[in-house]
Amino acid sequence: MLDVTDADLRDGLTAALAVPRWVEDVASRAPFDSLDELRLVAYTEATPLAPEEISQAIAHHPRIGEKPVGAGTSQALSRAEQGAATELAEELAVGNAAYEARFGRVFIIRAAGRTRAQILTELDRRLELDAATELVIVGEQLRDIALLRLEKLFGPNHDGAP
């Protein structure tokens, strides 16, 4: 049994993906027998995210390559995911600006496990996509980020609270 209170579960879900409908849908299925069960429910409930849910979630994500502002769980997770490297910072800033001008939102990508060069290559590739295709990818990236965050928050090494 995944040992977590309802309040801690909801706080962790909100830090993972700040979409109220998703948080409620996943939390309503608790308790979970395992992290794997939580991740499966989280995946299912986030596939796909509606366009307005994508906008809700993006509001809690910093630009890639920029340090998150604030001291909450979501910001701490973003800092850990993006790392401290300043490699390619100028190129990422230019790419972020181009992406925001083209799509009207912050570029979202699962940064964990990717180098800055890989992120920049993916940003350049996605700038060439049509808006509908890109929106689907953004939803998938937000979902993947959420699943990684759930692992960090509720996995075997968590301390009992998000």
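Details of the structure are given in the entry above.
Notes on the structure in this doc start here. (Residues numbered from 1 in each chain as written. Predicted model: local features only at pLDDT ≥ 70, side-chain atom pairs only at ≥ 80, totals over all residues. Heavy atoms only, no water.)

Our next topic: the side chain of R143. Secondary-structure assignment places R143 in helix α8 (residues 131–154). Taking relative accessible area as the criterion, R143 reaches 10% and is therefore assigned buried. Look past the residues within four positions of R143 in its chain and what remains in contact with it is Y43, A46 and T47. (Helix = DSSP H or I, 4+ residues; strand = E, 2+ residues; numbered from the N terminus. Buried < 20%, exposed > 50% of the residue type's maximum accessible area, 1.4 Å probe, protein only. Contact = heavy atoms within 4.5 Å.)

Among all positions of helix α2 (residues 20–27), only W22, V23, V26 and A27 are buried. Along the long axis of α2, the arc covered by the buried residues comes to 120°, so they all point the same way. Residues of α2 that are buried make contact with α1 (6–16), α3 (35–45) and α8. (Arc of directions from axis to C-beta.)

The next subject is the packing of α1 against α8. One way to put it is that α1 packs onto α8 with a least axis distance of 8 Å and a crossing angle of 145°. Considering only the axes of α1 and α8, their crossing is right-handed. Contacts between α1 and α8 pair D8, L9, G12, L13, A15 and A16 from the former with A146, R149, L150, L153 and F154 from the latter. For the contact of α1 with α8, the residue count by class is eight nonpolar, one polar and two charged. (Axes fitted to C-alpha atoms, helices over the stretch in contact; angles between N-to-C directions. Left-handed = near helix turned anticlockwise from the far one by under 90°. Nonpolar A, V, L, I, M, F, W, Y, C, P; charged D, E, K, R; others polar.)

Here the focus is the packing of helix α6 (residues 89–103) against helix α7 (residues 116–127). Two elements in contact, α6 and α7, have axes separated by 10 Å at closest approach and are oriented at 25°. Regarding the angle of α6 to α7, the classification is roughly parallel. For the element pair α6 and α7, the recorded crossing hand is left-handed. Residues E91, L92, G95, N96, A98, Y99, R102 and F103 of α6 form the contact with α7, whose own contacting residues are R116, I119, L120, L123, R126 and L127. (Parallel < 35°, antiparallel > 145°, perpendicular 65-115°, else oblique.)

This part covers α1. Looking at α1, one finds that the buried residues are D8, L9, G12, L13, A15 and A16. For α1, the angular spread of the buried residues around the axis is 160°, confining them to a single face.

In this section: the nonpolar core. Counting residues in each nonpolar core, the largest one holds 42 residues, and the members touching the most others are L13, L17, W22, L38, L142 and L150. If you list the elements that add at least two residues to this core, you get α1, α2, α3, α4 (51–58), α6, α7 and α8. In terms of residue count, α8 provides more of this core than any other element does, eight residues in total. Residues contacting L38, with those up to four places away along its chain left out, are L2, L9, L13, V26, F32, L150 and F154. (Core = buried A, V, L, I, M, F, W, Y, C linked by side-chain atoms within 4.5 Å.)

Interpretation note: all reported values are geometric properties and have no functional meaning in isolation.
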